[in-house]
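Chain by chain, the residues:
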Amino acid sequence: MTDAIRVSSPITGTDKTLSFEAGHLAQLADGAVVARIGDTMLLATVAAARSVREGVDFFPLTVDIEERAYAAGKIPGAFFRREAKPSDQAVLTCRLIDRPLRPSFPKGFRNEVQVVGTIFSADQENPHDVLAINAASAALMISGIPFDGPIGAVRMAFTTDGEWAPHPTYAEGDAATFELVVAGRALTDSVETDIAIMMVEAGGTEGSFVKYADGAPKVSEEVLSAGLEASKLWIREAINLQRELVKEFVAARGPIKTMEYKPVLDYQDDVFARVDAVGSGPLAEANKLTTKAARAGALDTATSAILEQLVSEFPERTAEIKAAVKSVTKEIVRRRIVEEGVRIDGRNVTDLRPLSAELDLFPMTHGSALFQRGETQVVNVTTLGMPRMRQLLDTIGPDEFRRYMHHYNFPPYSVGETGRVGMPKRREVGHGMLAERALIPVLPSEQDFAYTLRVVSDVMQSNGSTSMASVCGSTLSLMAAGVPIKAPVAGIAMGLVFDEGKYVTLTDILGAEDAFGDMDFKVAGTADAVTALQLDTKIDGLPADVLSKALHQAKEARLAILKVITDTIAEPRPQVADVAPKIVSLEIPIDKIGEVIGPKGKVINTLQQETGADIAVDDDGVVGTVTIGAKDGRAVEEARRRIALILDPPTPEVGATYQGRVVNLAKFGAFVSIMPGRDGLLHISKMSPLNAGKRIGQVEDVLELGQAIEVKVDDIDPQGKVSLSLAGEYADMVTDEESRPPRQPREGGDRGERGRDRERAPRDRERAPREGAGAARPVASSSFEAAFEAELADEIGDLGPGGPAFSDGDGGGRRSPRPRRR
């Protein structure tokens with residue numbers, strides 16, 4: 001085994017070290033690198049096919065993240081106890097890696113490439129997503145696969161002190177108000193080279209608006225711009241460390257051989273020239289139509305005409321002609337934007353499409369809304385649930401549950417096509433998580449609003465930025481559902497075209513402008529703070545002034561959308577819908593949790609059965625929380641009243657009568673709940689009225705769990721134990737205890753004498769037949785055992801030999817096994 005190549009570097013401004021190792025694991029892969037920060041470690045591998053798969057007209061890059069449960073010292077919770085489908089976080093990490101890597105491969109490279117990241121160790125402090133981006137880039141750098149890298153990445157956290165901190169831990173990120181992940185590449189080979197930002201994924205943290213209210217600085221467009229600029233230092237450090245790894249790898253293993261490949265071009269120059277000459281006029285006219293359907297129809301007609309005219313000139317090159325038509329269309333659209341400031345649908349570069357909003361679309365949902373921007377239309381529905389409905393997370397991260405879930409669905413009919421419907425694709429997961437990230441900062445805390453929240457965004461029709469329409473519609477549906485969000489949130493998708501040395505920023509881009517442009521970025525936020533940002537660029541570098549202008553242009557659009565939202569619903573409704581559960585939450589001392597739950601859950605189960613409310617008990621190790629929910633508000637209030645009585649139970653009065661319920665049975669009696677939090681003992685000796693005045697053999701013969709019974713409080717001892725007796729129709733009946741003859745004192749008075757009397761009695765009875773004329777002489781006895789035997793004989797007849805319930809031949813007065821009844 002050859003020695004591993006290791007490089008490491010301290011991370012500026014922290015006490016952490018970033019390290020890469022190659023040449024030890026997975027050496028049959030084209031490239032393999034183990035990356036580490038803290039005690040979080042992962043392996044990134046890359047492999048490429050040596051030829052192009054037939055019929056492939058795109059670059060087949062696949063990124064997979066394998067989150068091994070053992071990395072966090074866990075066993076998977078699934079039935080088969082092994083990892084199954086990737087978690088949402090793993091899907092997001094795949095997308096974070098894919099987005100900066102994909103544009104870094106050369107044009108025409110169509111060989112299949114697979115990047116696999118395997119998480120070996122997760123220290124619950126340092127996230128692995130940014131580490132995976134750097135490791136994937138490092139693996140590509142030593143693989144020989146054509147790659148215009150390296151790519152560096154960093155996570156930044158905006159602290160409550162107004163500083164950007166690099167590579168924060170999970171805890172530091174939670175304590176901050178905003179986090180952003182930035183990836184970029186170097187523009188030159190210089191160590192101090194400038195960095196071209198390629199990808200940004202950012203969002204506010206839970207409770208950030210509470211921190212703002214406490215004085216923390218808000219994340220504005222200026223703060224974001226400063227954060228992106230500051231990130232370049234740590235991106236450069238990651239890039240330089242990768243370059244050092246390549247240098248050490250070459251020194252140890254020799255030059256890296258670049259993989260040979262044959263570029264695949266969509267069309268040749270001769271085809272493009274003829275399509276441009278023949279079709280530029282018809283295509284330009286088709287692109288002047290402002291509606292998507294009409295424009296698509298006109299483009300199809302123009303394409304068919306071009307094919308008909310050129311197919312004889314270029315036989316068997318139909319695919320090239322179609323690809324050239326797309327390229328000519330792209331040039332026409334971009335040139336018109338840059339030169340005339342006019343877009344596909346006739347708007348200028350800052351115009352928004354027509355906006356509209358509706359509420360309460362469906363009667364049985366808790367909150368619903370429709371948001372429409374131009375031809376993009378999304379239905380959003382909010383559902384409120386009990387706290388126990390939160391999603392439990394079986395991941396390698398520190399989070400154990402998810403209280404707010406945002407799910408995004410993009411059915412094929414939304415673009416007028418057929419397709420697969422079923423499990424969400426990675427794009428749908430990513431868009432849902434982006435909308436979730438945009439709204440989390442304004443959600444109320446669980447203490448203020450105990451509900452679990454789920455929002456579903458169903459795209460009805462799509463022509464650009466359905467993810468930001470989901471943000472706007474979700475704000476509407478949350479407010480309609482009565483969720484007291486801190487402020488309404490709106491989102492807008494922006495684009496950029498760079499041509500002829502000019503940067504043109506586009507507001508509210510269409511789907512075609514997204515495909516034809518050089519940058520796509522989405523911004524969501526309130527009137528005075530950004531809550532989420534996603535940015536991808538296809539060009540080398542973005543000047544700071546251009547980015548700043550784009551962010552401010554996005555804010556103007558966001559404010560216009562917010563006005564439409566607040567004109568539709570000015571503030572969250574004061575009450576949840578009638579069909580939604582009513583929930584109240586109260587804190588209780590942690591030592592009272594057991595009393596609320598009861599032995600084996602008997603108390604809480606009884607409360608739920610009798611009130612019809614759903615009751616959940618939780619604690620944070622310091623204080624307990626009881627959450628009560630039901631569709632009927634009266635059930636909630638009744639359950640809360642009873643729990644209050646358990647926490648501060650009233651004291652029963654001696655001599656008072658109560659309607660109780662049997663909550664536990666024992667050999668010596670029954671425990672009866674006479675009021676919330678207060679049970680008393682009804683001794684078996686006081687139950688004979690339930691059996692026509694006869695003695696009770698077993699408590700279960702006359703009482704059962706849950707049975708209602710009227711009782712009277714006879715006594716309360718100094719420890720608060722309550723002694724009960726029967727009341728109501730049984731009140732005047734004499735109990736077995738009261739009818740028992742008084743115990744007579746034995747001669748001798750002391751214990752020794754009584755013991756000797758018991759020892760002599762059997763012997764006296766044994767001698768009795770021999771002393772008389774043949775008949776046994778009766779022996780007088782005043783013991784309880786004899787009286788009970790006589791009572792049994794009167795009740796069920798002679799029990800026969802060995803039948804008495806108590807043996808009188810063992811000399812010790814011990815109870816023998818009770819006879820079975822037949």
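Up top is the structure these notes are about.
Scope of this entry: the structure provided in the associated data block.

### Overview of the overall build of the protein chain
At step 1: A tally of helices and strands in the protein chain yields 18 helices and 29 strands.
At step 2: A separation of at least 24 residues holds for 69% of the contacts in the protein chain among residues at least 6 apart in sequence.
At step 3: Just so you have it, the protein chain exposes about 40300 Å², and 51% of that area is on carbon and sulfur atoms.

### Notes on the pairing of strand S19 (residues 502-507)
At step 1: Bridge count between strand S18 (residues 490-499) and S19: 6 bridges; the pairing is antiparallel. Bridge pairing in S19 links Val497 to Val504.
At step 2: Between S18 and S19, which pair antiparallel one after the other, the connecting turn spans 2 residues, and Glu500 there sits at a positive phi close to 55°.

### A short note on a negative patch on the surface
At step 1: A contiguous patch of negative charge on the surface is contributed by Asp174, Glu206, Asp399 and Glu400.
At step 2: Topologically, Glu206 is positioned in the loop between strand S10 (195-204) and helix H4 (208-213).
At step 3: Classification of Glu206 by relative accessible area gives exposed; the value is 60%.

### Comments concerning unusual backbone geometry
At step 1: With omega at 0°, the peptide bond leading from Gly149 into Pro150 counts as cis.
At step 2: When you line up the elements, Pro150 lands in the loop between helix H2 (129-141) and strand S7 (151-158).
At step 3: Located in the positive-phi region is Asp360, a residue other than glycine, with phi close to 55°.
At step 4: Accessibility expressed as a relative area gives 42% for Asp360, which makes it partly exposed.
At step 5: Positioned with a positive phi, Ser465 is a non-glycine residue whose angle comes to about 55°.
At step 6: For Ser465, the position within the fold is in the loop between strand S17 (452-461) and helix H10 (466-480).
At step 7: Judged by its relative accessible area of 12%, Ser465 is buried.

### Comments concerning the nonpolar core
At step 1: One finds Leu101, Phe105, Phe178, Leu180 and Phe521 to be the most contacted residues of the largest nonpolar core, which totals 151 residues.
At step 2: Sort the elements by how many residues they give to this core and helix H5 (residues 221-253) lands first, with 11 residues.
At step 3: What Phe105 contacts, discounting residues up to four positions off in sequence, is Phe59, Leu61, Val113, Leu140, Ile145, Pro146 and Phe147.
At step 4: With 20 residues, the next largest nonpolar core counts Ala656, Val662, Val672 and Ile684 among its residues.

### A word on the pattern of salt bridges
At step 1: By the definition in use, this model includes 46 salt bridges.
At step 2: Glu201 is paired through a salt bridge with Arg99; the nearest N and O atoms lie 2.5 Å apart. Of this pair, Glu201 sits in strand S10 while Arg99 sits in helix H1 (residues 88-101); the two residues are 102 residues apart in sequence, bridging distant segments of the chain. Assigned by exposure class, Glu201 and Arg99 land together as buried.
At step 3: Shared partners join several salt bridges into a network, and the residues in it are Asp345, Arg347, Arg353, Arg373 and Asp508.

### Some details on the side chain of Arg185
At step 1: Note that Arg185 resides in strand S9 (residues 178-186).
At step 2: Sequence-distant contacts of Arg185, defined by excluding residues within four places in its chain, comprise Ser104, Asp148, Pro150, Ile151, Asp194, Ile195, Ala196, Met198, Ile239 and Asp540.

### Let's talk about the packing of aromatic side chains
At step 1: A full pass over the atoms with the stated rule returns 13 aromatic pairs.
At step 2: Here the aromatic rings of Phe59 and Phe105 are separated by 4.7 Å at their centres, their planes lie at 50°, and the arrangement is tilted. Of this pair, Phe59 sits in the loop between strand S4 (40-48) and strand S5 (61-67) while Phe105 sits in the loop between H1 and strand S6 (113-121); the two residues are 46 residues apart in sequence, bridging distant segments of the chain. The pair formed by Phe59 and Phe105 is uniform in burial state, with each residue classed as buried.
At step 3: Consider the rings of Phe498 and Tyr503, whose centres lie 4.3 Å apart with planes at 25°: the pair is stacked.

### What to know about the sheet that holds strand S26 (residues 669-675)
At step 1: Strand order in the closed barrel formed by 5 strands is S25-S26-S27-S29-S28, with mixed pairing between adjacent strands. Strand-to-strand twist of the sheet, defined as the mean angle between neighbouring strand axes without regard to direction, takes the value 55°.
At step 2: Alignment of strand S28 (residues 708-716) against strand S29 (residues 722-726), held across 5 bridges, turns out to be antiparallel. In the sheet register, Lys712 faces S29, and the bridge partner there is Ser725.

### Comments concerning the environment of Ser356
At step 1: Positionally, Ser356 belongs in strand S11 (residues 355-359).
At step 2: With relative accessibility at 33%, the residue Ser356 sits in the partly exposed group.
At step 3: The sequence separation of Ser356 and Ile561 amounts to 205 residues, and the corresponding C-alpha distance is 9.3 Å.
At step 4: Not counting residues up to four positions away in its chain, the partners in contact with Ser356 are Leu370, Phe371 and Gln372.

### With respect to the packing of H5 against helix H12 (residues 544-568)
Packed helices, taken two at a time, are described by the angle their axes make and the gap between the axes.
At step 1: The interhelical angle for the contact between H5 and H12, taken along N-to-C directions, is 150°, at an axis separation of 10 Å. Here H5 lies roughly antiparallel to H12, going by the angle between them. Every pair of crossing elements has a handedness; the one defined by H5 and H12 is right-handed. Seen from H5, the contacting residues are Glu221, Glu222, Leu224, Ser225, Leu228 and Glu229; seen from H12, they are Ala544, Leu547, Ser548, Leu551, His552, Lys555 and Arg558.

### Some thoughts on H2
At step 1: Taking 1.5 Å of rise per residue, 13 residues should cover 18 Å, and H2 covers 19 Å from first to last C-alpha, within 8% of that figure.
At step 2: Within H2, 12 of the 13 residues are buried, leaving the element largely enclosed by the surrounding structure.
At step 3: Those residues of H2 that sit buried are Asp129, Val130, Leu131, Ala132, Ile133, Asn134, Ala135, Ala136, Ser137, Ala138, Ala139 and Leu140.

### Here we look at the sheet that holds strand S22 (residues 582-589)
In a beta sheet, neighbouring strands are held together by backbone hydrogen bonds and run either parallel or antiparallel to one another.
At step 1: Strand order across the open sheet formed by 3 strands is S22-S24-S23, with antiparallel pairing between neighbours. Edge positions in the sheet fall to S22 and strand S23 (614-619), since each of these pairs with one other strand and no more. The mean inter-strand angle of the sheet, taken between neighbouring strand axes irrespective of direction, is 20°.
At step 2: Where S23 and strand S24 (residues 623-630) come together, 6 bridges link them in antiparallel fashion. Paired with Ala616 across the two strands is Thr627, which belongs to S24.

### Observations regarding helix H7 (residues 292-310)
At step 1: Taking 1.5 Å per residue, 19 residues should reach 27 Å; H7 reaches 27 Å between its end C-alpha atoms and fits that length.
At step 2: Along H7, the residues classified as buried are Arg295, Leu299, Ala302, Thr303, Ile306, Leu307 and Leu310. Seen along its axis, H7 keeps its buried residues to an arc of 140°; they face one direction. Facing away from the buried side of H7, by more than 90 degrees, are the exposed residues Ala293, Asp300, Thr301 and Glu308.

### Considering the pairing of strand S20 (residues 519-525)
Side-chain positions along a regular strand alternate between the two faces of the sheet.
At step 1: S20 sits mainly inside the fold: 7 of its 7 residues count as buried.
At step 2: Burial along S20 is two-sided: the residues Met519, Phe521, Val523 and Gly525 and Asp520, Lys522 and Ala524 are all buried.
At step 3: Relative to S20, S18 is paired through 7 bridges, and the arrangement is antiparallel. By the bridge assignment, Ala490 is partnered in S20 with Gly525.
At step 4: The sheet contact formed by S20 and strand S21 (residues 530-537) spans 7 bridges and is antiparallel. Within S21, the residue paired with Ala524 across the bridge is Ala532.
At step 5: Joining the antiparallel neighbours S20 and S21 is a turn of 4 residues.

Definitions and cut-offs
Counting restarts for each chain, with residues numbered from 1 along the sequence as it is written. It should be noted that, the model being predicted, local features are given only for residues of pLDDT at least 70 and side-chain atom pairs only at 80 or more, the latter also being counted only at that level, while totals for whole chains, interfaces and linings use all residues. Side-chain metrics in this entry use all non-hydrogen atoms of the structure; hydrogen atoms and water are not considered. Only DSSP runs of H or I with at least four residues qualify as helices, and only runs of E with at least two residues qualify as strands; both kinds are numbered from the N terminus onward. A contact between two residues is defined here by any heavy atoms of the two lying within 4.5 Å. We get accessible surface area from the Shrake-Rupley algorithm with a probe of 1.4 Å; when it comes to residues, only the shown protein chains can shield them. Two strands qualify as a pair provided that DSSP identifies no fewer than 2 bridges between them. In this analysis, a patch consists of residues with relative accessible area above 30% that form no salt bridge, clustered at 9 Å for like charges and at 5 Å for the nonpolar side chains Val, Leu, Ile, Met, Phe, Trp and Tyr. The salt bridge definition used is simple: a Lys or Arg side-chain nitrogen within 4 Å of an Asp or Glu carboxyl oxygen. The convention is simple: Lys and Arg are positive, Asp and Glu are negative, and His and the chain ends are not counted. Charged groups are reduced to one reference atom each: NZ for lysine, CZ for arginine, CG for aspartic acid, CD for glutamic acid. Any residue under 20% of the maximum accessible area for its type is buried, any over 50% is exposed, and the rest in between are partly exposed; the area is computed with a 1.4 Å probe on protein chains only. Here, the term nonpolar core denotes a set of buried Ala, Val, Leu, Ile, Met, Phe, Trp, Tyr and Cys residues that are joined through side-chain atoms within 4.5 Å. Only rings of Phe, Tyr and Trp enter the pairing, Trp through its six-membered ring, and a pair is recorded when the two centres are within 6.5 Å. The plane angle decides the type: under 30 degrees is stacked, over 60 is edge-to-face, the rest tilted. Lines are fitted to the C-alpha atoms to define the axes, a helix being fitted only along its stretch in contact, and any angle between axes, read from their N-to-C directions, falls within 0 to 180 degrees. An angle below 35 degrees is treated as roughly parallel, one above 145 as roughly antiparallel, one from 65 to 115 as roughly perpendicular, and anything else as oblique. Take the far helix as your reference; a near helix turned counterclockwise from it by less than a right angle gives a left-handed crossing, and one turned clockwise gives a right-handed crossing. To estimate the expected span of a helix, count its residues, drop one, and scale the result by 1.5 Å. The arc in question is the one spanned by the directions pointing from the helix axis to the C-beta atoms.

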